[in-house]
Amino acid sequence: AEQGMLPSALATRLESTGAPWLALTLCVAITLAFLPIERFEMILAVDMNLYCAALLLEIAALLRLRTTDPDRERPYRIGAEDYWLYMLFLPAVIVSMFGVFWASWEVLLLSLGLVVAGVAIIGLLERLRQSHPEWFEEGSGVMHVGDSKNAAGS
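Bear in mind that the values here come from a model prediction, so they are computed numbers and not experimental data.

Undergrad: I'd like to hear about the confidence of the model for the chain, residue by residue, with values.
TA: Residue-level pLDDT values for the chain average 84, and 90% of them are 70 or greater. Every residue in residues 148-154 is under pLDDT 50, and counting partners more than four places away or in other chains gives six contacts.

And the structure:
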């Protein structure tokens, strides 16, 4: 919320502790929504399934950017190129694919449902950001990757 990605109301903090109380309340409500899943193993399997899928997406994005825009300025760079870059990520891809496809149908369907819900929420937030930009104001003092304030020694 402080970076303008969520409604700025979620960044509201308690004066006594500085805790973002509304964001924490929303997190608790989302956690409570998973209570009907009575088996902890199921929650853990869905979590690991989504983690593996996210890791695969991150690796695909990195490889795609390296292929389509290799000379782009980046704050850091992996010291491998072409063939060796793909070989570097091959073990992680194999393990992640195994994690995704080893899951039961129940886990896969719940994971897919959560991904669809996430995409819908992102779409809703984007529409809200366009129609009510004042709801998404960045907080003061928010630092972003690549800001000169983040440089070492500042």
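Having seen the model, we can carry on.
Undergrad: Lay out the environment of Glu126 with the relevant residues and their values.
TA: Relative to the assigned elements, Glu126 resides in helix 4 (residues 105-131). Each C-alpha atom, one on Glu126 and one on Leu6, is 9.5 Å from the other, the two residues being 120 residues apart in sequence.

Undergrad: Now, about the pattern of salt bridges: what can you tell me, with residues and values included?
TA: Under the definition given, this model contains five salt bridges. The salt bridge involving Arg77 is made with Glu81; its shortest N-O contact spans 3.7 Å. Measuring nitrogen to oxygen at the nearest pair gives 2.8 Å for the salt bridge that ties Glu126 to Arg129. Here Glu126 and its partner Arg129 are both found in helix 4, three residues apart, which amounts to about one turn of the helix. Given a relative accessible area of 35%, Glu126 falls into the partly exposed group. Taken together, the shared-partner salt bridges connect Arg66, Arg77 and Glu81 into one network.

Calculation notes
Residues numbered from 1 in each chain as written. Predicted model: local features only at pLDDT ≥ 70, side-chain atom pairs only at ≥ 80, totals over all residues. Heavy atoms only, no water. pLDDT = per-residue confidence, 0-100. Contact = heavy atoms within 4.5 Å. Helix = DSSP H or I, 4+ residues; strand = E, 2+ residues; numbered from the N terminus. Salt bridge = Lys/Arg side-chain N within 4 Å of Asp/Glu carboxyl O. Buried < 20%, exposed > 50% of the residue type's maximum accessible area, 1.4 Å probe, protein only.

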